[in-house]
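Structural overview
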Amino acid sequence: MEEKEFLPRIIGFLCKWCSYAGADLAGVSRLKMPATLIPIRVMCSSRVDPLFILAALLRGADAVLVAGCHPGDCHYQTGNYYTRRRIALLEKIFDQLGIETDRLRLAWISASEGSRFRDVITKFTQQIKEKGPNPIKKEIFL
Amino acid sequence: MKALKISKSPDDAIKDLLSSLFEKQKIKGVFSLCYDQDYFYGFVTDKNLLNKLTPTAPVMPANGGKMLSRLTMLEPIQTPIVVVLRPCELRALYELVKLEQANIENLIFISFICPGVLSLKEIKGNIEEKVANVNQKQGLRECCRFCENFVPENADLILPIIDGENNNKTTIFIKTERGEELLQGIENNLVEEDFDSATLSSIREERTRYKEKTWQNIKTENFGIPGLIDIFGRCINCHACGRACPICYCNLCYFDSASNDTGPRVYEEELERRGALRLPSGTIFYHIGRMIHISLSCVGCGMCSDVCPISIPVGTVFTKIAEATQGLFNYVPGRDLEEKIPISTFKIKEFDELGEA
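In this text, all values refer to a predicted model and were calculated from it rather than measured experimentally. (Residues numbered from 1 in each chain as written. Chains lettered and ligands numbered in written order. Predicted model: local features only at pLDDT ≥ 70, side-chain atom pairs only at ≥ 80, totals over all residues. Heavy atoms only, no water.)

Considering the packing of aromatic side chains
All names here are of chain B. For clarity, the threshold we go by: Stacked, tilted and edge-to-face pairs are distinguished by plane angle, under 30 degrees for stacked and over 60 for edge-to-face with tilted covering the rest, among Phe, Tyr and Trp rings (Trp via its six-membered ring) whose centres lie within 6.5 Å. Strands are runs of DSSP state E lasting at least 2 residues, helices are runs of H or I lasting at least 4, and numbering of each runs from the N terminus. The classification of residues rests on relative accessible area computed with a 1.4 Å probe and restricted to protein chains. Under 20% of the type maximum is buried, over 50% is exposed, and intermediate values are partly exposed. We count a charge as sitting over a ring when the NZ of a lysine or the CZ of an arginine lies within 6 Å of the ring centre and within 35 degrees of the ring normal.
Following the criterion strictly, the structure yields 12 aromatic pairs over all chains and no others. With 5.2 Å between their ring centres and 90 degrees between their planes, F255 and Y286 make a pair best called edge-to-face. Note that F255 is positioned in the loop between α9 (240-244) and α10 (264-274) and Y286 in helix α11 (residues 283-294), a separation of 31 residues in sequence. The same class applies to F255 and to Y286, which are both buried. A cation sits over an aromatic face here: R145 above Y210, 4.2 Å from the ring centre.

So, the environment of R278 of chain B
What counts here: Any two residues having at least one pair of non-hydrogen atoms within 4.5 Å are treated as being in contact. Each polar contact in these results corresponds to two N or O atoms within 3.5 Å; when the atoms are within protein, one needs to be able to donate a hydrogen and the other to accept it, and residues that are neighboring in sequence are counted only if both atoms are side-chain atoms.
Summarising the element assignment, R278 of chain B is placed in the loop between α10 and α11. In this structure the C-alpha to C-alpha distance between R278 of chain B and M73 of chain B, which are 205 residues apart in sequence, comes to 39 Å. Setting aside residues no more than four positions away along its own chain, R278 of chain B makes contact with F141 and L142 of chain A together with I229 and G233 of chain B. Here the side chain of R278 of chain B touches F141 of chain A through a polar contact of 3.0 Å, landing on its backbone oxygen. Of note is the side chain of R278 of chain B, whose polar atom sits 3.0 Å from the backbone oxygen of G233 of chain B.

A short note on unusual backbone geometry
All names here are of chain B. Cis geometry marks the peptide bond from L279 to P280, where omega comes out at -5 degrees. Along the chain, the position of P280 falls in the loop between α10 and α11. With phi around 45 degrees, K219 is a residue other than glycine that occupies positive phi space. Mapping K219 onto the fold places it in the loop between α7 (197-218) and α8 (224-232). In this structure K219 comes out as partly exposed when scored by relative accessible area, which is 32%.

Examining the pairing of strand β5 (residues 107-112) of chain B
Residue and element names in this part refer to chain B. Our working rule: For two strands to be treated as a pair, DSSP must find no fewer than two bridges joining them. For crossovers, right-handed means that the path from the first strand over the helix to the second runs clockwise, given strands pointing away from the viewer.
Burial analysis of β5 places six of its six residues in the buried class, which makes it a mostly covered element. Here four bridges tie strand β4 (residues 81-84) to β5, and the two strands are oriented parallel to one another. The partner of V84 across the bridge, within β5, is I110. This β-α-β element, β4 to helix α3 (residues 87-98) to β5, shows right-handed connectivity. Here β5 pairs with strand β6 (residues 157-159) via three bridges, running parallel.

Observations concerning the pattern of salt bridges
Stated formally: The rule for a salt bridge is simple: a side-chain nitrogen of Lys or Arg has to be within 4 Å of a carboxyl oxygen of Asp or Glu.
Inspection of every chain in the model, using the stated rule, returns 25 salt bridges over all chains. Where E193 of chain B meets K5 of chain B, a salt bridge forms, and the shortest distance between an N and an O atom there is 2.7 Å. In this pair, E193 of chain B is assigned in the loop between β8 (190-192) and α7 and K5 of chain B in strand β1 (residues 2-6), connecting sequence segments 188 residues apart. The class of E193 of chain B is partly exposed, set by a relative accessible area of 28%. Take K5 of chain B: its relative accessible area is 46%, and that puts it in the partly exposed class. What emerges from the salt-bridge pattern is a single network uniting R59 of chain A together with E269, E270, R273 and R274 of chain B.

Details of the sheet that holds strand β1 (residues 10-15) of chain A
Strands pair in a sheet through their backbones, by hydrogen bonds, and they do so in one of two ways: parallel or antiparallel. Residues and elements named next belong to chain A. For the record, the criterion: Simply put, an axis is a line fit to the C-alpha atoms, just over the touching stretch for a helix, and the angle between two N-to-C directions goes from 0 to 180 degrees.
In spatial order, the strands read β2-β1-β3-β4; together these four strands make up an open sheet with parallel pairing. Taken across any chain shown, the strands that pair with only one partner, and hence form the sheet edges, are β2 (37-42) and β4 (104-108). Here the strands of the sheet are splayed against their neighbours by 20 degrees on average, with no regard to which way each runs. Strand contacts of helix α2 (residues 50-58): β1, β3 (63-68) and β4, with the helix running at about 155 degrees to β3, the strand carrying the most contacts.

A word on α11 of chain B
Inclusion rule: For a helix, the expected span equals 1.5 Å multiplied by the residue count minus one.
In this model, α11 of chain B (12 residues) spans 16 Å end to end at C-alpha, consistent with the 16 Å of a helix rising 1.5 Å per residue. Extensive coverage of α11 of chain B is indicated by the burial of 11 of its 12 residues. Within the sequence span of α11 of chain B, burial applies to T283, I284, F285, Y286, H287, I288, G289, R290, M291, I292 and I294 of chain B. Here the buried face of α11 of chain B lies against α2 and α3 (79-96) of chain A together with α8, α9, α12 (303-307) and α13 (314-328) of chain B.

Here's the deal with the state of the cysteines
Here is the rule we go by: Cysteine sulfur pairs qualify as disulfides if the two atoms are within 2.5 Å.
Inspection of every chain in the model, using the stated rule, returns one disulfide over all chains. The disulfide bridge from C18 of chain A ends at C69 of chain A, spanning 2.5 Å between sulfur atoms. Residues C18 of chain A and C69 of chain A share a disulfide whose torsion about the S-S bond is about 100 degrees; that sign makes it right-handed. One end of the pair, C18 of chain A, is in the loop between β1 and α1 (19-28); the other, C69 of chain A, is in the loop between β3 and α3, with 51 residues separating them in the sequence. With a relative accessible area of 9%, C18 of chain A lands in the buried category. The buried category is assigned to C69 of chain A, whose relative accessible area is 3%. Left without a disulfide partner, C34 of chain B is nearest to the cysteine sulfur of C114 of chain B, which lies 18 Å away.

Topic: the confidence of the model for chain B
To be explicit about the condition: Each residue carries a pLDDT score, the predictor's confidence in it, ranging from 0 to 100.
Looking at chain B as a whole, its pLDDT mean stands at 91, while 96% of the residues score no less than 70. Confidence estimates for the predicted assembly give a pTM of 0.94 and an ipTM of 0.94.

See the structure below:
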């Protein structure tokens, strides 16, 4: 039997004002990209509690993408600066615990950057494909 | 630094001082470690009960910072009181003030250069001998043995290290103007003296060596998921570490709430994915979650390790993670009230590489 190609499942937290609109634009522009992202719309990237990311990874998501407005462009003025610190903190903790940090990505994507959205998804998917499935899935008694 | 010499044991020196302060009506109460059948924190306003105080005994039945937060969260204590705390408890209290969980108005702090505290399981029966030999490191908390922040920075009065040897002479260093004001009209024979820096640096070196050895042994950076299961897999989910932690202040903890229950919604999904489920579930989620929540403010008091019923070295892992996350923002918890907790603030220019992927 032919082995099925591994298609990563990436949980994406997209901010309503920029990144979700950017994803929409990529859609209506019919840009081609791998169907790996499971988008979750949040009002601001700073709505993403680091626990959401941790829960997604522990429950077997292959990767997590957090996307928001470019620094300086946050709809709520400063939300994404807090996001950036939280992601830096989470990466540091993962790093110290020997958990792969490259399954977590932060990306700034504005509402007009449909093609950047496609590029980010395509590149991230490719990288996760190379890394293979999240090893947490193999731990039965987690 | 101005200092006061008293030819008595540290505990008696503090009690005598407090007694004069009560008499002159400079203070209305004292918050300190007490002993009456057992060690506990006491808030004492009756001068005749001062004999129950054991301010410097190497015991931490609870983190004093957290206990004071319970007293002062809603409003500050209305009259001046003296508070005797260890350096880590004082730092925890400062963090709790930043988190709007405590008020330090009217509190005058006495602290001391800390030799560490005994592990709670050592506190039974006659502990006098253990107390006297605390500098032998027998039965000390592991977190104390590698603690490098043993000199209190924010106290008004500071006592030198108390190791059971200097029983008849005590020096009280006056660190702040408030401390000097407190002593005015009570003690006039002040001398000029500084901490014994040679002793301090030799203690610091010893502890740094011990810390490096401990870090070497635990190697959290090699954990990965198997390592995490190895260390936290036997966690019984009692959440005592969070309860005892001074920084974990939420009365309604997310991890105790219904949203974190292993109901059908969760277990059916997990069973579909893995075909089996470990119970209690979510222990690794809990511990990493707590690292996210509190590691920036962790003062390394070691309460968490000490209350763990199955002896997981929670504090050892946490202090290591905390050192890394605090280093990321060059933050020292409890150093300065004006210094904001890193995730409650930001800089416009930082972590430029994040988000550009």
